[in-house]
Structure formats: structure tokens, C-alpha cells
Amino acid sequence: MSTIEDAHQDAATPLALARWSARLDRIVAGLFVLVLCVPGAAIAAGFKPPPPIENRPVAEVQRWSLGSIFDTDWYASVDAAITDRLVLRSQAIAARGRIELATGGTGTVRVLRGTGNWMFFSVDMTTPCALDVGTVVSSLDKLHDRFAAAGQRFFVLVGPDKSAIYGDKLPADVALGCTADNRPAIESAAAARPWLIDAWHPLLAARTATPAAGLYFPQDTHWTPLGESVAVQPLIDAIDPGAWADPAVGPSGHFTKTMDLAREVGLPVRREVPNIRRGAVAVTRTIVPVPGISHGPFLFTMHTDAPHVVPGRTLVISDSFLRIDPYVVGAFFADSVWVPREWLDSDPGLLARLGPFDTVILSRVERHLYDESFGPLLARAIR
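All of these numbers come straight from a predicted model, not from anything done at the bench.

What counts, and at which threshold
- Residues numbered from 1 in each chain as written.
- Predicted model: local features only at pLDDT ≥ 70, side-chain atom pairs only at ≥ 80, totals over all residues.
- Heavy atoms only, no water.
- Helix = DSSP H or I, 4+ residues; strand = E, 2+ residues; numbered from the N terminus.
- Polar contact = N/O pair within 3.5 Å; in protein donor to acceptor, adjacent residues only side chain to side chain.
- Salt bridge = Lys/Arg side-chain N within 4 Å of Asp/Glu carboxyl O.
- Buried < 20%, exposed > 50% of the residue type's maximum accessible area, 1.4 Å probe, protein only.
- Pairing = 2+ DSSP bridges.
- Axes fitted to C-alpha atoms, helices over the stretch in contact; angles between N-to-C directions.

Visitor: What should I look at first to understand the side chain of N275 in this one?
Guide: Inspection of the secondary structure assignment puts N275 in strand β6 (residues 270–278). Reaching out from N275, the side chain makes a polar contact with the backbone oxygen of H254 at a distance of 3.3 Å.

In C-alpha cells, the structure reads:
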């Protein structure tokens, strides 16, 4: 009897396994369809995507047209949009980030792990310099002369990369790039040009004087508002000596910032950051809408109501460093217009429509100082 039962059990086992395997296949297939269809349906229904966990916007589907049927870029945009909305994707990225940090890495070549909790944007060290120092300085000299001939003032603020101020937080074996090689020549050029602002010396001096002062964020690419204030004080002194202390600049309130390098790793970190303000000066910030172009909140004007301000209309070609706390700079100008460098290519006539300007300020983080000759870019701001 036992022999018959054993034989029957042996025959039933493969059948049971086959049934279980088929059931598992259906479960997996169902989950796969769910994972793909939920974000696809959300896109089709126009639902707002979840907040991005990485340091970039959530991908969107390109606008469809009849030609999209034959456009591989359109299909790629659909694929990217669905991927960014996959169920549990953010949780998976965060889990990977925790594992990478626990094992001493970051999980991305864009973020370099420093000492302690410090992170660095590897692009600081690896971005090639398209132009040499002589070409860059010559281009800026010509621009300065053209603005001066038109009765306008022109100033350049170069923001040091974090690796230039906190190099001791880098791993010992990191090779610094061309910006580090070029730094002495740029500092020398700035020493001979009052309108070319050397921000390295004041930042390094501030760090030496107060080692515990946070001039750059440990888990973000940028300087803090305190670091920004140290860097821009020489700019304000060059434009209007004495304005920095009338009234005095100091901490005032807080704002919340997400650390971009931590978000790049997949572990967004939010910090309460002290604002820096110019006394009780009232500053009004107004977003400028541009029909047909999505400039977001970074194209804006600032109006300052204070006795001691730079008169006239000021153009600020801004980057992400100067926008950490634009009120630090905006409080010193009667009327200023802030235009991101990256949007001038998409709207060549923008400066002509926003002008004319009495003062022009170009702000560039040092790794982008060697990207281009700035003459063609700013020629439209010359009266």
C-alpha cells in the first residue's frame, strides 16, 4: 500500500510544482503589468508625478504629433517618463543609496565621497576647459571696454568650486582638473582688474578666521548664504564702496533647502539654512513670465526700497550659486533683472526686451568660466 501511495505522491509532486510555477508566472506577469501600467495611466490622465528623488526633474513625454510615430526620440521620452514613475522606484533608489554610502561609495560617478559626510560634485574636477585663461580674460576685457564706451558698468563674479575652498575634505588621491591649474592666472588677472572679482581670497580668509563657519554645504554643490555673502561683498564694494555696511548685513530668519548631492545619490536631505539679509531693507521679488518659454521661477526682477542703493537698472546674468539667496545681492540695487545664463540661448532677444541696463553683472562658477567667449552672449545688453 505504501508503495502505491509513494508512487502516487511522486507523480503528483511534478504536477503540483508545475501548477505553482504557472501561478507564480501569472503573479509576476501581473505585477509587471501593474508596475508599467500604473505610471503609464498616470501620465495619460495627467496626474502630477511624485517629487524627484534624484537631482534632476522627473522626465516628461514629448508632445505628440503625427511625426512622432517615426520619431525614436518620442518613444525614448515615453520610456524615460514611465521609468521615472515606476512603482517603488524611489524606495529602490534610496535603498541602493544607503548601501552605497555604507560601503564607502555613492553609486554614481557624478558624486565623489569626501571625508566624513562630505560629498563633492565630481564635475568640479573633471570638466574640461574649452578655452585657455588668456582667451577668457581677453574676451572679458573687450566686453568691459564695450560696456564702458556705452556708458555702462560691467562686473564679473567668479564663484569658486567647493573643492577650491574645502580641498582638505577631498580624498587624498583625487586629481584636480584644469580649473585648479588655471586659478593662479585668474587670480592674477583679477588683481589687476577691479571689475573682475576674486572670491577665492575672501572665502579662504573667512574659513581660516572661523573654521567652524559653514561656507559651503557638506552635501550640496553650492556655498551657503553665509559663503555667498563673503564672496559677493567684494563685488558690492567694487560697485558702491560703503554700501555693505549701510545698513549692515547679517543672519535673518531661515529657509529649507534640499541638498543636491545627497539627492543625486538618492537620499534627499533637507536642511534649515540661515538667511543673510541687509538690515531691514525691503526687497520685492517678481517673477517675469515670458510667453512661449518655460523659464520657471528663475527669471525675475527685484526692487529695493532703501536710501543707499545702486541707482538705475542692473542686469544680473545668474547661475545657481548666486541664486542660493538672491536677496544677498538684490538688496543693494534699486532695480535688478535676474536672467539665468542657460536660458539666453533659447531666447536670443530676451536681453534686448528687458533692457536697457546701466550696470551688468556676470556670475559664473569657476568650472564654467572657460566654457565660452562671453562677447556674443552679452553683446545684446550693450546700449
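Visitor: Looking at this model, I keep getting lost on the pattern of salt bridges. Mind explaining?
Guide: Here the idea is simple: oppositely charged side chains can pair when their charged atoms come close. Tallied over the full model, the rule gives 13 salt bridges. Among the salt bridges present, the one from E264 reaches R110, with a minimum N-O distance of 2.6 Å. With E264 in helix α10 (residues 260–265) and R110 in the loop between α3 (89–102) and β1 (111–113), this pair connects stretches of sequence that are 154 residues apart. Looking at E264, the relative accessible area reads 13%, which means it is buried. Classification of R110 as partly exposed rests on a relative accessible area of 35%. Close ionic contact of E342 with R323 constitutes a salt bridge, the shortest N to O distance being 3.6 Å. You can see E342 sitting in the loop between β10 (333–340) and α12 (350–354) and its partner R323 sitting in the loop between β9 (310–318) and α11 (327–330), a full 19 residues away along the chain. When its relative accessible area of 42% is taken as the criterion, E342 is described as partly exposed.

Visitor: Is there a simple way to think about the sheet that holds β9 in this case?
Guide: Consider a sheet: its strands pair through backbone hydrogen bonds, and that pairing is either parallel or antiparallel. Ordered in space as β4-β3-β11-β9-β10-β8-β7, the seven strands form an open sheet in which the pairing is mixed. Two strands bound the open sheet, and with one partner strand each, they are β4 (196–198) and β7 (282–287). Neighbouring strand axes in the sheet, compared pairwise and without regard to direction, differ in orientation by 20° on average. Both strand β3 (residues 153–159) and strand β11 (residues 359–365) contribute to a ladder of seven bridges, which runs parallel.

Limitation: the analysis is restricted to geometry and does not speak to function.
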